Amino acid sequence: MRGPREARRGPLLNDPGLIFDGSVLVRNGLVEEVGPTRRVENLKTARGAIEINAAGRVVMPGFVDGHTHLAFPPPGLARTDTASALNAVKSATASTLAIQMRNYLRAMARHGTTTVEAKAACGGGQSSGLKLLRALALVKHDPVDVVSTFLLCLPPPGGEPDAAEAAVVWACEELLPLVARRRLARFADIEWSPGERRQRLIRRYIETTARLGMGCRVHADGDGPGEATALGCELRVAGIDHLEKIAVGELGGVASGPVVTLLPGLAFHRGSRPAPARALLDAGAAVALASNFNRSDSPILNMQTVVSLACREMGLTPAEALVAATVNGAYALGCVSTAGSIEHGKPADLIVFNVSDYRELGHHSGMNLVHLTMKRGEFIYQEGAVAPLAAEHVRLPW
Ligand SMILES: [Zn+2]
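Small disclaimer: the values here were computed from a predicted structure and weren't measured. (Residues numbered from 1 in each chain as written. Predicted model: local features only at pLDDT ≥ 70, side-chain atom pairs only at ≥ 80, totals over all residues. Heavy atoms only, no water.)

Student: Now, about a nonpolar patch on the surface: what can you tell me, with residues and values included?
Tutor: The grouping of Ile-50, Ile-52 and Phe-379 at the surface amounts to a nonpolar patch, some 340 Å² of accessible area in total. For Ile-50, the location among the structural elements is in the loop between α1 (37–41) and β3 (58–61). (Patch = residues over 30% accessible without salt bridge, like charges linked within 9 Å, V, L, I, M, F, W, Y side chains within 5 Å. Areas by Shrake-Rupley, 256 points an atom, 1.4 Å probe, with all protein chains shown as cover. Salt bridge = Lys/Arg side-chain N within 4 Å of Asp/Glu carboxyl O. Helix = DSSP H or I, 4+ residues; strand = E, 2+ residues; numbered from the N terminus.)

See the structure below:
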């Protein structure tokens, strides 16, 4: 995934920078060298290195899953059952919530994800939102890197006329300054809804996040994604996500716009139409892929499945899907100096896959092909042996 210092667009998305018969030299958790095996093994610095033989396998950067709803709703509750979900947050402590999140983060690590974005959004006032962000802070590096985002969902149109305005004023004047001061979230996100009045409010929210030094993302999963994209491009937000309903005629600004994160698992579970990925790619969008993991309507956390769905349902090539799920994901999260590619000086976040050709990842469906996951030079997961195991040797990992 080496390449130019910018999010990949057009033909660049189709180039994973493959090295045949390659090696990676890791030292103190960082990538020291990457290149053809013959060159790497003859380096002076490679003397005495422990060799992990990955012959016949594919080694690639850990997945960067740039859009998940890990923090809400809590496990076992549907998103539509907002009242119970909110009660579950209110009655739990941040550390109890963190235990539940950690289990999912470990499952992600088993499937090759090494960096993940997690949104906290639950309504119900300041204390619940802050509690979710505190819970996310407890799992920040355990075992994968977690990038926290606060997501504001505006009340649905048709209710109290001033409810949306009140929510934005509260977020801009009280919550976001507090979140920024305590460094509880790297990004602020806002759920898009169309209409002139709402656009004014969303503009205010985005401008406030910029003043506070937080990146802003736009959650454009409903109607009016074209307006969302235009405003996002104008205000140079950090990312625009979803875009299931965008029309081909609305792609004007994407060629120079922020990273667009697409979520094929959501359409798969809803049985609905996915975003027009091919049209976005052809229009020059910097496309990233993410799981949109949430317990209710998008329960996929395996980025291998996201990659294969992107190939099957959206027409991406395996190379495009893998670039979108790694280096472009890192651009979407502003963490490309530490994630998304195997390059000198970066943390060694690697996956060793049980496939001999990366294109197989676009073809398999639902299975876990990860042999090893490495985070910052440490193996955090190795696939288990299939062999008889005496009951007294069974140990649960928690
Ligand atoms: Zn989402």
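Student: I'd like a description of the packing of helix α2 (residues 82–91) against helix α4 (residues 126–138), backed by residues and values.
Tutor: At a minimum axis separation of 9 Å, α2 and α4 run at an interaxial angle of 70°. In terms of orientation, α2 lies roughly perpendicular with respect to α4. For α2 against α4, the interelement crossing comes out left-handed. Packed against α2, whose contacting residues are Leu-86, Val-89 and Lys-90, the element α4 presents Ser-128, Lys-131 and Leu-132 at the interface. Each residue belonging to the contact of α2 with α4 can be placed in one class, and the counts come to 3 nonpolar, 1 polar and 2 charged. (Axes fitted to C-alpha atoms, helices over the stretch in contact; angles between N-to-C directions. Parallel < 35°, antiparallel > 145°, perpendicular 65-115°, else oblique. Left-handed = near helix turned anticlockwise from the far one by under 90°. Contact = heavy atoms within 4.5 Å. Nonpolar A, V, L, I, M, F, W, Y, C, P; charged D, E, K, R; others polar.)

Student: Tell me what's going on with the domain arrangement of the protein chain, and back it up with residues and numbers.
Tutor: The domains assigned to the protein chain are domain 1 (10–60 + 342–382) and domain 2 (63–332). On a C-alpha basis, the centres of domain 1 and domain 2 stand 29 Å from each other. Taken together, the contact pairs 25 residues of domain 1 with 29 residues of domain 2. Of the roughly 2100 Å² buried between domain 1 and domain 2, counting both surfaces, carbon and sulfur atoms make up 61%. Of all residues in domain 1, the largest losses of buried area upon contact with domain 2 belong to Leu-13, Gly-362 and Lys-375, amounting jointly to 26% of the total for that side. Salt-bridge contacts for Lys-375 lead to Asp-145; the nearest nitrogen and oxygen are separated by 2.8 Å. (Domains from an automatic or database assignment. Buried area = accessible area lost by both parts, 1.4 Å probe.)

Student: Go over the pairing of strand β7 (residues 187–191), please, and point to the residues and values.
Tutor: The element β7 is largely enclosed, with a buried count of 4 among its 5 residues. Bridging between strand β6 (residues 145–152) and β7 involves 4 bridges; their strand directions are parallel. Within β7, the residue paired with Thr-149 across the bridge is Phe-187. Since β6 and β7 lie parallel, the crossover through helix α5 (residues 163–181) that links them has a hand, and here it is right-handed. Bridging between β7 and strand β8 (residues 215–220) involves 5 bridges; their strand directions are parallel. Bridged to Ala-188 within β8 is Cys-216. Each parallel crossover has a hand, and for β7 linked through helix α6 (residues 196–211) to β8 it is right-handed. (Buried < 20%, exposed > 50% of the residue type's maximum accessible area, 1.4 Å probe, protein only. Pairing = 2+ DSSP bridges. Right-handed = clockwise from strand over helix to strand, strands pointing away.)

Student: Before we move on, can you summarise the sheet that holds strand β12 (residues 350–353) with the specific residues and values?
Tutor: Across the sheet, 4 strands lie side by side as β3-β12-β13-β14; this open sheet has antiparallel pairing. Of all strands in the sheet, those bounded by a partner on one side alone are β3 and β14 (378–382). Going from strand to strand, the sheet's axes swing by 20° on average, the running direction of each strand aside. Where β12 and strand β13 (residues 370–375) come together, 4 bridges link them in antiparallel fashion. Looking at β13, one finds that Phe-353 is bridged to Val-370.

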